[in-house]
Protein chains: 4
Amino acid sequence: MKNTFGSAVSLTIFGESHGPAIGAVLDGLAAGLAVDPAYLALRMDRRRARGDGLSTARTEPDEIEFLSGVYNGRTTGTAVTLALRNTNTRSGDYAKTAALLRPGHADYTAFAKYEGWQDARGGGHFSGRLTAAAVAAGALCEHVLQTLGVRVYTHIAECAGIADAPLSSAAGLVLPEPEPGHFALLDPAREAPMQAAIRAAGADGDSVGGVLETIVTGVPAGVGEPWFDSVESELAHLMFSMPAVKGIEFGAGFALARMRGSEANDAFRMRGGRIVTATNRNGGVNGGIANGMPIVLRTAVKPTPSIYKRQDTVDYPARADASLQIAGRHDPCIVPRAAVVQNSLVAFGILDLLTVRYGTLAQKHGLPQPE
Amino acid sequence: MKNTFGSAVSLTIFGESHGPAIGAVLDGLAAGLAVDPAYLALRMDRRRARGDGLSTARTEPDEIEFLSGVYNGRTTGTAVTLALRNTNTRSGDYAKTAALLRPGHADYTAFAKYEGWQDARGGGHFSGRLTAAAVAAGALCEHVLQTLGVRVYTHIAECAGIADAPLSSAAGLVLPEPEPGHFALLDPAREAPMQAAIRAAGADGDSVGGVLETIVTGVPAGVGEPWFDSVESELAHLMFSMPAVKGIEFGAGFALARMRGSEANDAFRMRGGRIVTATNRNGGVNGGIANGMPIVLRTAVKPTPSIYKRQDTVDYPARADASLQIAGRHDPCIVPRAAVVQNSLVAFGILDLLTVRYGTLAQKHGLPQPE
Amino acid sequence: MKNTFGSAVSLTIFGESHGPAIGAVLDGLAAGLAVDPAYLALRMDRRRARGDGLSTARTEPDEIEFLSGVYNGRTTGTAVTLALRNTNTRSGDYAKTAALLRPGHADYTAFAKYEGWQDARGGGHFSGRLTAAAVAAGALCEHVLQTLGVRVYTHIAECAGIADAPLSSAAGLVLPEPEPGHFALLDPAREAPMQAAIRAAGADGDSVGGVLETIVTGVPAGVGEPWFDSVESELAHLMFSMPAVKGIEFGAGFALARMRGSEANDAFRMRGGRIVTATNRNGGVNGGIANGMPIVLRTAVKPTPSIYKRQDTVDYPARADASLQIAGRHDPCIVPRAAVVQNSLVAFGILDLLTVRYGTLAQKHGLPQPE
Amino acid sequence: MKNTFGSAVSLTIFGESHGPAIGAVLDGLAAGLAVDPAYLALRMDRRRARGDGLSTARTEPDEIEFLSGVYNGRTTGTAVTLALRNTNTRSGDYAKTAALLRPGHADYTAFAKYEGWQDARGGGHFSGRLTAAAVAAGALCEHVLQTLGVRVYTHIAECAGIADAPLSSAAGLVLPEPEPGHFALLDPAREAPMQAAIRAAGADGDSVGGVLETIVTGVPAGVGEPWFDSVESELAHLMFSMPAVKGIEFGAGFALARMRGSEANDAFRMRGGRIVTATNRNGGVNGGIANGMPIVLRTAVKPTPSIYKRQDTVDYPARADASLQIAGRHDPCIVPRAAVVQNSLVAFGILDLLTVRYGTLAQKHGLPQPE
């Protein structure tokens, strides 16, 4: 289904940037799960634009209203619908360029698909604004996963050409949550040069992209399906729903294409009575199914298509070559804000996969203990 | 659903390597589409092992039996079920190592998921053998797409460290179909060194991987959905159902993460009365929707996990460290054979997306003409 | 999916009676379809309670807010989300009886399913209030169908023991739309005795049910699928989602079980160059597929479970026999108001089936002309 | 999806009457479930035609071949594919009448849908022959349900105007399984008059229908969903996939439409520490969710459309009125054979609903015990 995904738990995303509201329907949660406003606020804050030269000056209160499925601070077991009002909208910025297709954006494909009836204001349905709904829904899933002993963690592996410390340096997998307003990095010392590089691109009227890496711990071996509902298929499907994602890899990913089998294979070993792998080049997934090791994935996030440099384009109604200089408020880099979006959608996907295997009630009553 | 994928057209894959048969159910085809045995045989031949030091010595006749949905050489409009008998099975090779988990394989995850009840012979449901069913189903889709003016083409972009000529060198997108028994390459001169490198790895008792690149031309702008059924989500979901795929990227993919926006954006231009992009770094997709340019994707295929070198592993029933030396017949490299599998699954995905937009009857009567 | 149904067009219903809002997400509409507030208001008015001794005294303004998918009075092609605020809520009436399971209601099954976490106020998710969202979504579908030449019409075939005129009396299928505030009847003269019978039951502290009949004209032969997506399967699935529906039949329905084949078969005849059937005992469907004749179905609607008579029941927390006398505001009969709900869900189902066959664009550009 | 249904467990039906084979794919079964050939044979025998004047003279060995998903007499956890070869086919009988649309059959709708490309031999995809695949798949589900303490039982409530004893007469719900070759009846004494009435209709060159009643015991309260995946929606969807079913009702069904609420409501009572209802007019379902009482449903099965009397019809290619006298081998009544088909599809639906709630592993390890 077009705007809906998931098997045992499903997520529907709706809204347009300058319409009345954006939101989500999250169906398939067990009843009685705690909804923690403080945790939600914390996650929404991660995605919030700050108007600080790193992200757009359009800031929204991002107040989540639960229209259904939550009562007295707990899920009721029915579909959770949440909405975020669109308040800080300045459609004038966009009206001027509606006829000129913005390169790298969905302006042309929206015309082709919707035959001119799309709500083009602020990118409409294609706006990054909709990811706020994904973050809110994902925060509910993350909270449930935490009670099940599953953690989902995303850091900026690389941005504007500056790399974070590698995951292998995360001793014993101590993954530090960033302080509010700071970048999600394993090594906080990389934040200053990363911000400087982003600001430099912004000062050029240009934009930059990066790589987001997510690690999921605590998923029992046996989750996922061999063919079309593999862990990788489910998560990749979700990741490519994020605007600007153009690539994904699991474990050693594309580097595996250049390894020999003797290097790519992860040897099995007994450790503390449990079966583990000595390395994790397969990213916690064998044959589409979780093997109990951390699930590791990386996405390629392209640079923000909205730049201030003059660009060649086409005037759509006139069917004529033209040039365009974009005004408005835009992030020179969405990678830092996208980290929490990716984390949220991965959390949703993992909760769906766990629920397929263990049933809805396990969300509330816990996963079976490993033998 | 676990072994089923697709919206308007759906594909179910079933079977075990040493069970009675493997096969597929392809549902949602229009009635009256020609089923061309010669074309099917050609595609099956591409995947066939040859026992030539490049691929496994297990060769199968790969005779496709249509159990339903085909009559007098045409689709009937009901579900097409096809089966391929498993004939050349030597389960003895595997029995010896059933207790020893093969690194890089799904042996352990199968134990965890199926609690010991899996049919482990020859890899069972996880065997590359099942991709024959995907090729057969995909060949039907490819044939339909050709009549609609859509072409899907896959070449080995890189294998065993040897790269093919880049796609940009394909002047006017003349994409040469390989001769039977030969590798799918833009530049046939790369075949000899590629084969030599694969053979060298095999002689070491080792294996190699590579990168497969697919290009789809003729998809009208407007196909695909903005959120969960994006062109990229649908195709990535399918690609990660292929055994051994650990990464995927569209257009410039991971390289986009290091570009600036001014470089990553594809400028729109008028050419011959049609809107095109001057470059194609977004791989034919903007905002999840086809923009009319060639759809370009690359997958990372890991090296065959079956190698002849001795490997550390675990004896599963004994829960003890052990070592393993794999016997049996295995490809030192599956990349050349996987090319047609990838092509088939992409073709299926594209046909599904077209059918969602234009309806089932359009498969038979043609796509609407662009304005 | 739990609260979502449909293939090419999908409908999600959400909300609780006394929560912030109830609503629906309708996904899969083409772009550019007119959204007519007058038509919507007319349909909502049909479902509105009037506090006239026939329906509950809880009246709501039923103002529909479109949160997404509608812009400048037209669909944008993305998911249409609509919400109706819950305003006139008097939860006090219900708090008193929360522990006492209301017979015929979902109180006990909600406890069993949601383990006590359900929002039980006013029936919560099980309230007839949610049908307002179905009516709003269905009205959009009805409007589209009208432009395609498809009409969906529902009348009260029987209520409180009083029958409407039979459909066969509808000469040339002139199906009169009821005046606002009046019952949907082929013969308006039946309204007075029907209302009297309902009022008599209400005066007894009791309630009554009835039979709703829907007729759909203009569906081209060939729509629907032979097995699981038959016209009857799709519509029955939707009808049993309506609260209080306990039976459905197509054409002559249960009477067919007592006919001989020579009576049950509808002879084919040529009429004005088109193939028709001389009778319509199969209700417009052969082998699950529309045959071009009117699709006719009837549902059995049970009497409102909320009655004022004292009833035996169980005190759930105490696990003890008890008795219950329901207070609050309730319809002695929901059949007249349910007519428009049934019409709406049938309209949605038919639009989905048409879209599967003809594609999304056909919603806007019209169905192919019959040969 | 067209030929596929189900959420956590899915069923795909494929095949044509005179094609190579008919079959089914049953996906979502846990691994390690016993596959009992004797039980399968027993269920297949129930559906078998006997050529005894009650059912068609076309008898098939109905040998089930498992193509996948079963190994050493147990499920492997992957998709179970089963096929039944079509052997006893006499297509000549049909060739003569291919142009003449058989009233009550899907001949015309198949032409409309498949534009003449359908495999019309023996009814093709619309043949009752396909129900053999449903019986085989359902037998696997029934066997699993039995180990979970859930029983599904179907009897002929009425056939050819002769009624079975009412369910209320089944003291303590002792539901007798019929002897091989005999009708499924609560009161075996009704078999002789029922058979005589069927034979009488057959002797007239005519056919008869009936009513099938299914009762499901042991389903825990809380199974099913409030809106679109209600117990009634799921089962009705499946029942209308059966050829010839034109109506369904739950509990008192259509009779509820004529009751008052005080009569229709089932009072709750404590019995042996458990919550039960004193009556079961709601058929074990409140608000779409199982309430722990037996789930009771009845379907209306129309008389076999193949009769030997001369009938008015249309010559399809000629587009002209014509008349038709059907030859071939046909059941004067399919109700007795359809009983096991209905039982099988209900069993599949119940297993799917249980799996959604309790997870896949519960199929093997048991349902949670009620408090």
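Please refer to the structure higher up on the page.
No experiment lies behind these values; they were computed from the predicted model shown.

Caption draft 1: Quick peek at the overall build of chain A. Regarding its fold elements, chain A presents nine helices and 18 strands. Over its C-alpha trace chain A gives a radius of gyration of 21 Å, about what one expects of a compact globule, namely 21 Å for 371 residues. Structurally, chain A occupies a C-alpha span of about 70 × 50 × 40 Å along its principal axes. Taking all 371 residues of chain A together, the buried fraction comes to 69%. When the 34 basic and 36 acidic side-chain charges of chain A are each reduced to a single mean position, those positions are 1 Å apart.

Caption draft 2: Fine view of the interface of chain C and chain A. Every contact between the two is made by 43 residues of chain C and, on the other side, 43 residues of chain A. In this assembly, chain C packs against chain A so that about 3,700 Å² is buried in total across both faces, 58% of it on carbon and sulfur atoms. On inspection of chain C and its partner chain A, the count reaches two salt bridges. Of the charged contacts in the structure, one is a salt bridge between Arg85(C) and Glu65(A), with a shortest N-O distance of 2.7 Å. Only strand E2 (10-15), strand E3 (21-27), strand E4 (64-68), strand E6 (74-75), strand E7 (80-85) and helix H9 (362-365) of chain C provide two or more residues apiece to the side of chain C that touches chain A. The residue inventory of the side of chain C that touches chain A, partitioned by class, reads 14 nonpolar, 19 polar and 10 charged.

Caption draft 3: Structural context of the interface of chain A and chain B. Listed by partner, the interface residues are 102 residues for chain A and 102 residues for chain B. Contact between chain A and chain B buries roughly 8,600 Å² in total, counting both sides, with carbon and sulfur atoms accounting for 59%. The largest contributions to the chain A side of the interface with chain B come from Trp227(A), Phe228(A) and Lys246(A), which together make up 11% of the buried area. At the boundary of chain A and chain B, one finds 11 salt bridges. At the boundary of chain A and chain B, one finds 57 residue pairs in polar contact (both at pLDDT 80 or more). By residue class, the composition of the side of chain A that touches chain B is 49 nonpolar, 30 polar and 23 charged. Where strand E11 (residues 245-250) of chain A and strand E11 (residues 245-250) of chain B come together, three bridges link them in antiparallel fashion. Along E11(B), the bridge assignment pairs Glu249(A) with Gly247(B).

Caption draft 4: Representation of the relation of the copies chain C and chain A. The two copies are related by a screw motion: chain C maps onto chain A through a turn of 180 degrees and a shift of 0.0 Å along the axis, at an RMSD of 0.0 Å. With respect to symmetry, the two chain copies, as superposed, fit the operation of a two-fold axis. Most of the interface of chain C is mirrored in chain A, where 100% of its interface residues again form contacts.

The rules behind these values
- Residues numbered from 1 in each chain as written.
- Chains lettered and ligands numbered in written order.
- Predicted model: local features only at pLDDT ≥ 70, side-chain atom pairs only at ≥ 80, totals over all residues.
- Heavy atoms only, no water.
- Helix = DSSP H or I, 4+ residues; strand = E, 2+ residues; numbered from the N terminus.
- Rg over C-alpha atoms; globule rule 2.2 N^0.38 Å.
- Buried < 20%, exposed > 50% of the residue type's maximum accessible area, 1.4 Å probe, protein only.
- Lys, Arg positive; Asp, Glu negative; His and termini not counted.
- Charge placed at Lys NZ, Arg CZ, Asp CG, Glu CD.
- Contact = heavy atoms within 4.5 Å.
- Buried area = accessible area lost by both parts, 1.4 Å probe.
- Salt bridge = Lys/Arg side-chain N within 4 Å of Asp/Glu carboxyl O.
- Nonpolar A, V, L, I, M, F, W, Y, C, P; charged D, E, K, R; others polar.
- Polar contact = N/O pair within 3.5 Å; in protein donor to acceptor, adjacent residues only side chain to side chain.
- Pairing = 2+ DSSP bridges.
- Least-squares fit on C-alpha atoms with pLDDT ≥ 70 in both.

Keep in mind that these numbers describe shape and distance, not what the molecule does.
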